[in-house]
Amino acid sequence: MPEAITTQGGVERLAIGDGEIAILSGGEGPPLLFLHGGGGAGEWQAAHALLAASHRVIAPDHPGFGESDELPEVEGVDDLVYHYLEVMDRLGLERPAIVGHSFGGWLAAEIAVHSPERVGALVLLSPVGLRIPEHPITDVFFVPPPEIPAMIFHDPSKLPAPDGPPDPDVLLAIYRDSTALARYTWSPFMANPKLERRLHRVKAPTLVVWAESDRVVPREHAERYAQLIPGARLQTIPECGHALHLELPDEVAAMVGAFLADSAAVAR
Amino acid sequence: MKFTYFHLMPYAGLPDDFEKRFSSPSLTYPNGFFDPQLGVELYHRYLDELEYADELGFDGIAVNEHHQSAYGLMPSPNLMAAALARRTSNARLMVLGNAIGIRGNPLRVAEEIAMLDHLSRGRVVSGFVRGIGWEYFAHSVNPTRSRARFEEAHDLIIKAWTTREPFQWVSPNYEFRYVNVWPRPLQQPHPPIYIPGAGSTETMRWVAQHQYSYMSVYAPSTLTKRWFDGYRTASEEAGIDPDPEKIVFSVPLYVAETDELAHAQARGPVEWLFHKGLKQGFEIIFPPGYMTPGSMRGMLSSGFAGFENMTYEDLLREHIVIAGSPDTVGETLERLRDQLGFGAMNVLMCIGDMPHEHVISSMDLFAAKVMPALR
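For clarity, every value in this text was computed on a predicted model and none was experimentally measured. (Residues numbered from 1 in each chain as written. Chains lettered and ligands numbered in written order. Predicted model: local features only at pLDDT ≥ 70, side-chain atom pairs only at ≥ 80, totals over all residues.)

The next point concerns the overall build of chain B. Helix and strand counts for chain B come out as 14 helices and 11 strands. The globule rule puts the C-alpha radius of gyration for 375 residues at 21 Å, and the 20 Å found for chain B is close to it. Looking at chain B as a whole, 46% of its 375 residues qualify as buried. In chain B, of all internal contacts separated by at least 6 residues, the share reaching a separation of at least 24 is 78%. (Helix = DSSP H or I, 4+ residues; strand = E, 2+ residues; numbered from the N terminus. Rg over C-alpha atoms; globule rule 2.2 N^0.38 Å. Buried ≥ 20, exposed ≤ 12 C-beta atoms within 10 Å, placed from the backbone. Contact = placed C-beta atoms within 7 Å.)

Structure representation (structure tokens):
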């Protein structure tokens with residue numbers, strides 16, 4: 001029996017492995033599993049709400065991120081693939097659309113390579129995961145905190161300016177998310193060197209989206225994904241940074257929504 | 001009181017406006033700025049200073065490990081200890097320490113320390129450290145595994161030193177099917193162990209339970225007192241009466257004939273050490289997972305804003321640095337000893353870009369006029 005997750009933008013907790021994970025969800029319609037990147041855990045974002053107009057959006061926090069426990073048995077991306085296959089089983093998601101941003105895009109691609117029959121449609125938003133030494137991904141762990149807004153937004157003035165010194169609890173939460181990301185991606189850095197030669201296994205209709213002002217993931221990564229996943233389409237968004245669905249939620253949700261509507265293979 | 005003469009072997013050739021032009025001397029400062037001729041001079045000069053400390057009667061002479069940095073030129077502390085082993089005769093040879101968590105193969109450390117123990121006829125003290133944050137970038141070692149790797153590497157090295165037949169080692173981060181280290185160390189069961197601590201409760205408890213020496217890092221003395229109290233409490237909880245000589249106060253220290261002269265000569269080098277040598281952003285000191293959430297919370301709530309914004313006067317007031325005439329330094333150390341309760345000191349006397357002759361005169365004054373009264 002699938003476990004019900006029905007709250008509009010509400011948080012449910014799912015006991016799994018040695019702990020619990022938090023899952024945000026909302027909307028009705030075909031299921032859409034949204035996998036966040038290094039940032040963005042624990043937030044029901046504008047893009048989620050827009051996609052929830054036509055889909056049942058399920059947005060879990062990865063283990064160790066946001067409100068999810070760190071699960072000792074989940075040490076790497078390979079473990080996360082099994083983690084999400086179990087989450088999908090537990091939630092009754094037979095062939096959901098999977099939309100992943102950045103690190104979440106890499107995860108989505110790994111799931112689609114491992115179990116091609118479990119993915120109804122695949123959307124990779126500025127995904128990491130490929131090792132292209134001549135076009136390295138920015139070392140996000142090495143960027144001084146004050147420079148992060150300019151790294152992830154085309155127009156960082158859209159981000160709210162900090163009022164006063166940062167709250168220690170907020171800093172600790174950021175450090176925790178960053179720790180979880182490092183646990184999975186420090187070395188090999190942001191990539192599975194074997195992923196590239198496995199991408200031909202993907203069966204789902206696939207859209208790769210790249211932001212034209214992405215200062216984290218070079219364009220060649222999106223191109224390589226689109227080239228190696230059979231039938232994949234590449235679209236770009238101008239005047240947009242790496243945090244693309246945070247910077248331009250309307251445009252990104254419209255692009256993803258149109259692709260999923262077009263796609264004949266949207267999940268049952 | 002025991003005295004160790006500690007050296008960082010700084011690269012003294014940084015430009016005067018270094019802190020305006022570069023974000024840190026570590027990891028990113030291009031090695032094109034390294035002048036090999038100066039390198040030769042510095043290594044020999046610094047080894048001379050360590051050898052002289054042995055002559056002056058310091059109980060220990062100490063080296064440490066840093067990588068890809070002008071802050072310290074000892075990527076291999078064991079090499080420096082080897083260079084000292086046959087040219088010194090009395091002082092303990094202290095490697096403070098090997099960064100065992102970032103080594104690919106910790107058994108190499110077990111082997112080298114055992115060799116040094118023989119070369120020095122049993123004078124080696126083996127420090128183990130996790131390595132500074134930036135070194136996890138420099139070695140591509142995952143900082144979220146830092147603690148686990150450190151503890152596993154420690155357990156493996158101790159077992160390799162104390163087991164008298166081949167064994168197999170399997171732990172989450174290391175697997176060795178054959179461990180059979182030749183030579184075994186001379187000191188039995190193994191050389192004394194030093195561990196630096198910066199306030200983490202986990203570390204204090206671990207060091208106390210193993211009855212190792214607990215060494216402070218540069219910090220305000222109010223903070224150091226809290227750490228030493230924590231170590232004593234952890235020892236008592238483990239049912240151990242802590243030996244004061246295992247509580248080690250680390251401090252940069254300068255002595256001249258008068259207070260005025262001492263401050264005039266120490267100011268520049270102290271500013272070099274704390275403003276140039278230790279200039280580093282949050283992201284390279286605290287890579288993700290290097291700190292536990294508890295330690296990070298403690299650090300954020302301590303109000304300690306880093307060395308960058310501290311003046312020479314601030315550093316003196318907080319006893320992060322000690323400088324003055326022999327009387328002033330002696331009185332300050334007696335007071336601190338009584339307040340903090342340490343029985344050993346780890347003094348850094350070659351501070352930053354300090355000229356050799358100042359280092360030597362400071363060592364002479366300290367050995368002749370400060371050490372005897374404190375012993």
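Listed as interface residues are 17 residues of chain A and, on the opposing side, 16 residues of chain B. Here the residues of the side of chain A that touches chain B are counted per class, giving 12 nonpolar, three polar and two charged. (Nonpolar A, V, L, I, M, F, W, Y, C, P; charged D, E, K, R; others polar.)

Counting 102 residues, the largest nonpolar core has B:Tyr5, B:Ile61, B:Leu93, B:Tyr231, B:Leu253 and B:Val347 as the members making the most contacts within it. Ranked by the residues each element gives to this core, the list is headed by strand S9 (residues 247-255) of chain B, at seven residues. For B:Leu93, the residues in contact, after removing those within four places along its chain, are B:Ile61, B:Ala81, B:Leu84, B:Ala85, B:Leu116, B:Ser120, B:Arg123, B:Val124 and B:Val125. One finds A:Leu80, A:Ile111, A:Ala180 and A:Ala222 within the second-largest nonpolar core, a separate group that totals 79 residues. (Core = buried A, V, L, I, M, F, W, Y, C linked by C-beta atoms within 7 Å.)

As a further point, take the environment of B:His190. Residue and element names in this part refer to chain B. Turning to its location among the elements, His190 is positioned in the loop between strand S6 (174-179) and strand S7 (193-197). Counting along the chain gives 94 residues from His190 to Ile284, while the straight-line C-alpha distance between them is 34 Å. When neighbours within four sequence positions are excluded, His190 is seen to be in contact with Ile158, Trp161, Thr162 and Pro185.

Here we come to the confidence of the model for chain B. Caution is warranted with low-pLDDT regions, since their predicted coordinates should not be read in detail. Taken residue by residue, chain B gives an average pLDDT of 95. The fraction at 70 or more is 100%. Both scores are given for the predicted complex: the pTM is 0.94, the ipTM 0.93. (pLDDT = per-residue confidence, 0-100.)

Backbone hydrogen bonds hold the strands of a sheet together, and the pairing may be parallel or antiparallel. Residues and elements named next belong to chain A. Judged by pairing direction, the sheet is mixed, and its eight strands sit side by side in the order S1-S2-S4-S3-S5-S6-S7-S8 without closing on themselves. Among the strands making up the open sheet, the edge pair consists of strand S1 (10-16) and strand S8 (233-237). Ignoring strand direction, the axes of neighbouring strands in this sheet form an average angle of 20°. Of the strand pairs in this sheet, strand S3 (residues 31-35) and strand S4 (residues 56-60) are connected by three bridges, and their pairing is parallel. Note that in S4 the partner of Leu32 across the bridge is Val57. Contacts from helix H2 (residues 77-91) reach S1 and S4, with the element oriented near 110° to S1. (Pairing = 2+ DSSP bridges. Axes fitted to C-alpha atoms, helices over the stretch in contact; angles between N-to-C directions.)

This part covers helix H8 (residues 221-237) of chain B. All names here are of chain B. When the terminal C-alpha atoms of H8 are compared, their 24 Å separation across 17 residues agrees well with the 24 Å that a helix rising 1.5 Å per residue should span. Every buried residue belonging to H8 is among Ser221, Thr224, Trp227, Phe228, Tyr231, Ala234 and Ser235, and all of these are buried. The arc that holds the buried residues of H8, viewed along the axis, is 140°, so those residues lie on one side. Exposed residues on H8 whose side chains face more than 90 degrees from its buried face are Thr222, Glu236 and Glu237. Those residues of H8 that are buried lie in contact with S7, helix H7 (201-210), strand S8 (213-216), S9 and helix H13 (326-340). Just downstream of H8 lies Gly239, where phi reads positive at about 75°. (Expected span 1.5 Å × (residues − 1). Arc of directions from axis to C-beta.)

So, about the packing of helix H2 (residues 36-56) of chain B against helix H14 (residues 356-374) of chain B. All names here are of chain B. Axis separation between H2 and H14 bottoms out at 11 Å; the angle between their running directions is 15°. Considering their axes alone, H2 and H14 lie roughly parallel with respect to each other. The interaxial crossing formed by H2 with H14 has right-handed handedness. Every residue of H14 that contacts H2 at Arg45, Glu49, Tyr52, Ala53 and Leu56 is listed here: His356, Val359, Ile360, Met363 and Ala367. Of the residues assigned to the contact of H2 with H14, the class counts are seven nonpolar, one polar and two charged. (Parallel < 35°, antiparallel > 145°, perpendicular 65-115°, else oblique. Left-handed = near helix turned anticlockwise from the far one by under 90°.)

We now examine the confidence of the model for chain A. Of all residues in chain A, 95% have pLDDT values of 70 or greater, and the mean over the chain is 93. Across residues 4-8 of chain A, where pLDDT falls below 50, the model places eight contacts with residues more than four positions away in sequence or in other chains.

This part is about the environment of B:Leu14. Residues and elements named next belong to chain B. One can find Leu14 in the loop between strand S1 (2-6) and helix H1 (18-21). In sequence terms Leu14 and Asp353 are 339 residues apart; their C-alpha atoms lie 8.5 Å from each other. Residues contacting Leu14, with those up to four places away along its chain left out, are Pro25, Ala70 and Lys276.

A:Pro188 follows A:Ser187 through a cis peptide bond whose omega is -5°. With respect to the helices and strands, A:Pro188 occurs in the loop between helix H5 (168-185) and strand S7 (206-211). The amide bond that connects B:Gln188 to the next residue, B:Pro189, takes the cis arrangement and shows omega of 0°. A positive phi angle is found at A:Met190, which is not glycine, with a value near 55°. Within the secondary structure layout, A:Met190 lies in the loop between H5 and S7. According to the C-beta neighbour criterion, A:Met190 is buried, with 28 such atoms within 10 Å. We note that B:Leu27 has phi near 75°; this positive angle belongs to a residue other than glycine. Within the secondary structure, B:Leu27 sits in the loop between H1 and H2. According to the C-beta neighbour criterion, B:Leu27 is partly exposed, with 18 such atoms within 10 Å.

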